[in-house]
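Structural description and commentary
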Amino acid sequence: MEGPRHGNDCDEKDVPLRKVLFIGLIMATALTSCDREHSEPGPLPAAGAEYHEAPAEPGGPTWVVDPAEPGPDAPPVGRSLFDYVVTTLQGREKVYDVPFPFTALLQRIEQELESAGHRSPLKRVLIPLNRSLQRNAAKPEYFTFPRAVVGVDGEPPMRAGYSGMLLKDRLFLGYQEKAAILEVISYNEAAGRFEFQVVRDYGPGQTPKVSYANRALCTTCHQNQAPIFSRPLWEETNANPNIAALLEQQRAEFYRFPIRQGIDAPNAIDDATDRANEFSAYQLLWQEGCERAGAPRDSIQCRADVFRVLLQSRLSGSRPTLHPLSRPRDRFVQRFATYWKERWPQGLKIPNPDLLNRNPLDYVQTKSSLAGEPPVPSHGYDKSRDRTMIRSIFEPSLAREPLTVWSVSHGDSDAVDRFLSGLSHFLADTDVARLDTYLFRQALRSGARLRRYRSSCEADVRERGGATDRVTFRCRPPEQRSDDEGPGFSMDGVLYLKAGTVVDGTIDRLSTDHEDELVDLKVVGGTLTSNGRRHRGLIDVKRKGPGLHARLTDGHVIKEISLQVGAPGKKSGLPGHTALLTGTATMAVLEDYAPVERAIDAMERATLAGDSDVFSDKPFRRASLLEALFEQLKMPSISWCCEDAYHMPDPISTTEEAMHDRDEAVRGETLPPVFKAFHRYCAQCHHEDLAFPPNFLHGSPQQIKEQVHHCAERILFRLEMWGQAPSRRQEAPMPPSMELQRLHLSPEQWADHADLASMKAYSAEWLKSQGGTQRLEDLAAKGYDNLRACMPPAAPAVATTSGANRSSHAIRSYGQAVEQ
């Protein structure tokens, strides 16, 4: 299932985990900016770390999500999970109520999550020198106002009458205090996609404004239309001890984030973004993998079978495959594989959420480094050596090759298993626990059928103080059985007893003739009576971890296991042990899952009749599916979140807000014709009413003209990068290759395009008329970060944080920080 990884700038054999660093919420809007200022380079990465931008090739495997088709900014249906977190009921309508300060927002999110002991369900990192949209917002106080990044990897708690919000792997935040900006990526369950949002005016004394972000801008970097992350060693975060030391120099506290921490937090965020990256694949396979034109019954039945697998695997904790004796098994496998081969014969390309790891301290160079000392940050830059803080290979806007290709063309079942396993986690642990408890109780009340499995056992019994305190057993199906004795089973385990009561124990492995395979079951109770060497007892077992009932892979519950041994076997040979005893074990399985099968059949019929859409080609929606299932089972009704957008505030798009002057600027007769090209290729990113990336195409025609002139050096530099070999590019070329793909242009076509030539010529002529340099060699010698900035620097007012130790400059001497 793993595909090749390209351009790694670290030896992954030297890191504990195959992961990436969360670059400045490259998640929510870690988008490329043309404005890199006042930073200095380190040595170029080794040749082996060279990054090769993915070519746009027609044919071949199909993208799970097309990076050139970002979709509408505002949700086509439903709302983001973030909207459900930060809206409150006011009268009969919901309104946005985003808690401030940032710690209050995190507290509200934590109220929706189950805490696991001392481990917070929120994972937090600080990234001062980041690659996010707001990368320069804190300039020059990068280490006083670092980017605060949060990812959720916790489940909702069990609450009576309420489903809770499934936020795990579905909510990511990036906060830039100095810009008073909060950037958000969160899942939309109704639409089956991640939403990108911006909260502006998120500062003291201000009223936060929530809007859906420019999706085309976001997906320039978020080509997977989901969170992205970098690889180990997470060196942009405060997991880097040198970054942490510099942060401590500036403030004693950052939003209650740990300043010094290991790799656990960035790795957890990394895991969450990796899992989130595959959501689009699961939804595509659910919606289209089962769809057969002109055969609605087959399509609906296929999704119903998928739902059966998910419930069986989540309840039993087994591998997500249908029970071998279940009739729908062959039907599902054959149908799904056939549809897949017809629709995606070359396979499915899974997008790549991974970016190169980057240590920003390697790209900050001072006068001391020119004398052979290690590069260190300080406020005394040597401008003659300034080049670029973010090398081209580290740019998130570069087109990335797929992470891997999923295929079933050669009998490969890994992709199908990955799909089933991943989609099963669109159900919360609490959903499964409610179902597990209800089925068992109802089966006991109704006297559901019992199925018995038999085994021959050998037990080692230990006695202390004249009483049995441990029994270790090994059971196997009887070698000789008559047809009416029923199926057999195997198990290996140990019981610990006190006064005849089972107080602890485990069953390491349990399997049946029907190919069930369960591991690590917990013995939670039981009794064992002893009469001489004869021992007889009952054992209650549950699954380790979630504490659910132990179930076979067909969903039915193990009610109890009886064990009786007494006939002497071979001598134990251990002090304090009796001889090995032989006997039998019987496992009673209560068929409590049968009502679920009937409920799914009823949901299937309702969908076919048009009375329901749960098994239609809409996205997999936890609330719709489980509400219908619980209703069919006559389970107690609960309030479900988060699909219904009724009474929610109307979604506002930042693109719509920023479009007021765009048409006028394009049509304006006061602008030279070349400005139509600037708008065609650059306005998607540089027309926003936000300051980053620099919005030099926002405003009146006269303002736009002045801003393009102000930015001419940087514009020309970026345009000229298209004429350089990828390995020689100091900066990523603009416009990004993603934008070219959306305009149906390949990089090769663009390199010779008349529009590119006209924009370069206009910028060069303007610079020449002002007595400036227009040769790339001269601009490169000057250093990209020393070129004139596109826009005047913004200076937002920011209140100081209580207890913070502010510094008037951004970065103290790196050497001083390390020494202290």
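Residues numbered from 1 in each chain as written. Predicted model: local features only at pLDDT ≥ 70, side-chain atom pairs only at ≥ 80, totals over all residues. Heavy atoms only, no water.

1. A look at the pattern of salt bridges
- Throughout the structure, instances matching the rule amount to 45 salt bridges.
- E395 is paired through a salt bridge with R135; the nearest N and O atoms lie 3.8 Å apart. Of this pair, E395 sits in the loop between α10 (367–370) and β13 (404–406) while R135 sits in the loop between β4 (122–127) and β5 (147–152), and the two are 260 residues apart along the sequence. Note on accessibility: E395 and R135 belong to one class, buried.
- Its salt-bridge partner being D778, residue R775 comes within 3.1 Å of it at the nearest N-O pair. (Salt bridge = Lys/Arg side-chain N within 4 Å of Asp/Glu carboxyl O. Helix = DSSP H or I, 4+ residues; strand = E, 2+ residues; numbered from the N terminus. Buried < 20%, exposed > 50% of the residue type's maximum accessible area, 1.4 Å probe, protein only.)

2. Some words on the pairing of strand β3 (residues 93–96)
- Relative to β3, strand β2 (residues 87–90) is paired through four bridges, and the arrangement is antiparallel. Note that in β3 the partner of Q90 across the bridge is E93.
- Taken together, β2 and the strand that follows it, β3, pair antiparallel across an intervening segment of two residues, in which G91 is found at a positive phi of about 70°. (Pairing = 2+ DSSP bridges.)

3. Structural notes on the state of the cysteines
- Scanning the model with the defined rule gives four disulfides in all.
- The disulfide partner of C457 is C475, and the S-S distance across this bridge is 2.0 Å. A torsion of 110° about the S-S bond marks the disulfide between C457 and C475 as right-handed. With C457 in strand β14 (residues 450–464) and C475 in strand β15 (residues 467–476), this pair connects stretches of sequence that are 18 residues apart.
- For C711, the disulfide goes to C790, at an S-S distance of 1.7 Å. Remark: C790 occurs in the loop between α23 (776–782) and α24 (814–819) and C711 occurs in the loop between α18 (701–710) and α19 (712–720); sequence separation between them is 79 residues.
- Note on C711: relative accessible area 1%, which makes it buried.
- Look at C790 and you get buried, because its relative accessible area is 1%.
- In this structure C221 is a free cysteine whose sulfur lies 8.1 Å from that of C685, the closest cysteine sulfur available.
- Residue C221 is classed as buried on the basis of its relative accessible area, which comes to 0%. (Disulfide = S-S within 2.5 Å.)

4. As for the side chain of E731
- Tracing the backbone through its elements, the reader meets E731 in the loop between α19 and α20 (737–742).
- Residue E731 is classed as buried on the basis of its relative accessible area, which comes to 0%.
- At 2.9 Å, the side chain of E731 forms a polar contact with the side chain of R718. (Polar contact = N/O pair within 3.5 Å; in protein donor to acceptor, adjacent residues only side chain to side chain.)

5. Comments concerning the environment of A239
- Note on placement: A239 falls in the loop between β10 (229–230) and α5 (241–250).
- Distance in space between the C-alpha atoms of A239 and D264 is 8.5 Å, their sequence separation being 25 residues.
- Residues within four places of A239 in sequence aside, it is in contact with W234, Q261, G262, I263 and P266. (Contact = heavy atoms within 4.5 Å.)

6. Comments concerning the pairing of β5
- Counting buried residues in β5 gives six out of six residues, a clear majority hidden from the surface.
- Across the two faces of β5 the burial is the same, with R147, V149 and G151 and A148, V150 and V152 all buried.
- Two strands pair when backbone bridges link them, and β4 and β5 are joined in this way by six bridges, in the antiparallel orientation. Note on β5: the bridge partner recorded for V125 is V149.

7. A short note on the packing of helix α12 (residues 429–446) against helix α14 (residues 622–633)
- Interhelical geometry of α12 versus α14 gives an angle of 10° and a closest axis separation of 12 Å. It follows that α12 is roughly parallel to α14 by the angle criterion. Across the interface between the two elements, T430, D431, R434, L435 and Y438 of α12 pack against R622, L626, L629, F630 and L633 of α14.
- Classifying every residue of the contact of α12 with α14 gives six nonpolar, one polar and three charged. (Axes fitted to C-alpha atoms, helices over the stretch in contact; angles between N-to-C directions. Parallel < 35°, antiparallel > 145°, perpendicular 65-115°, else oblique. Nonpolar A, V, L, I, M, F, W, Y, C, P; charged D, E, K, R; others polar.)

8. Focus: the packing of helix α7 (residues 279–287) against helix α11 (residues 414–424)
- As a packed pair, α7 and α11 sit with axes 9 Å apart at the nearest point and diverge in direction by 105°. Relative to α11, the element α7 is oriented roughly perpendicular. On the side of α7, the interface is formed by Y282, L285 and W286, while α11 contributes R418, F419, G422 and L423.
- Along the lines of polarity and charge, the residues of the contact of α7 with α11 split into five nonpolar, one polar and one charged.

9. Thoughts on the sheet that holds strand β17 (residues 501–512)
- An order of β14-β15-β16-β17-β18-β19-β20-β21 is seen for the eight strands of this closed barrel, with the pairing classed as antiparallel. With direction set aside, neighbouring strand axes in the sheet form an average angle of 25°.
- Relative to β15, β14 runs antiparallel, the two being bridged by nine bridges. Residue pairing for β15: D460 is matched across the bridge by T472.

10. Some details on the sheet that holds β13
- One open sheet holds the three strands; their spatial order is β1-β11-β13, and the pairing between them is mixed. One side of each edge strand has no neighbouring strand; the edge strands of this open sheet are β1 (62–63) and β13.
- In this structure, strand β11 (residues 348–350) lies alongside β13, joined through three bridges in antiparallel fashion. Looking at β13, one finds that L348 is bridged to W406.

11. Notes on α12
- Compared with an ideal rise of 1.5 Å per residue, which puts 18 residues at 26 Å, α12 spans 26 Å between its outermost C-alpha atoms and is within 8% of the ideal.
- Structurally, α12 contributes buried residues whose contacts are with α8 (296–316), β20 (557–568), β21 (581–590), α13 (594–608) and α14.
- G447 occupies a position one or two residues after α12 and carries a positive phi of about 70°. (Expected span 1.5 Å × (residues − 1).)

12. Some points on unusual backbone geometry
- Cis peptide bonds are those with omega within 30 degrees of zero, and the linkage from F100 to P101 qualifies with 5°.
- On the secondary structure map, P101 appears in the loop between β3 and α3 (102–110).
- Put simply, C641 and C642 share a cis peptide bond, and its omega is 20°.
- Residue position: C642 is located in the loop between α14 and α15 (654–658).
- Residues other than glycine seldom take positive phi values, yet D169 does so here, at roughly 65°.
- For D169, the location among the structural elements is in the loop between β5 and β6 (171–176).
- Positive phi is not limited to glycine here, since E515 has a value of about 70°.
- Among the secondary structure elements, E515 is positioned in the loop between β17 and β18 (517–531).

13. Topic: α3
- Within the sequence span of α3, burial applies to F102, T103, L105, L106 and I109. The arc enclosing the buried residues of α3, seen along the axis, measures out at 160°, which places them on a common side.
- Against α2 (81–86), β4, β5, β6 and β7 (181–188) lie the buried residues of α3. (Arc of directions from axis to C-beta.)

14. What about the packing of aromatic side chains?
- Summed over all chains, the structure comprises 29 aromatic pairs.
- When the ring of Y187 is compared with that of F194, the centres are 5.0 Å apart and the planes differ by 70°; the resulting orientation is edge-to-face. When sorted by exposure, Y187 lands in the same class as F194, which is buried.
- Three or more aromatic residues link up through ring pairs in this structure, and these residues are Y187, F194, F279, Y282, W286, F307, W406, F426, F615 and F620.
- In this structure, R170 is placed above the aromatic ring of Y187, and the distance from its NZ or CZ to the ring centre is 5.9 Å. (Phe/Tyr/Trp six-rings, centres within 6.5 Å; stacked < 30°, edge-to-face > 60°. Lys NZ or Arg CZ within 6 Å of the ring centre and 35° of its normal.)

15. A few points about the side chain of Q261
- Summarising the element assignment, Q261 is placed in the loop between α5 and α6 (264–277).
- Separated by 3.0 Å, the side chain of Q261 and the backbone oxygen of R124 make a polar contact.
- Separated by 3.3 Å, the side chains of Q261 and N238 make a polar contact.
- Apart from residues no more than four positions distant in its own chain, Q261 is found in contact with R124, V125, N238 and A239.

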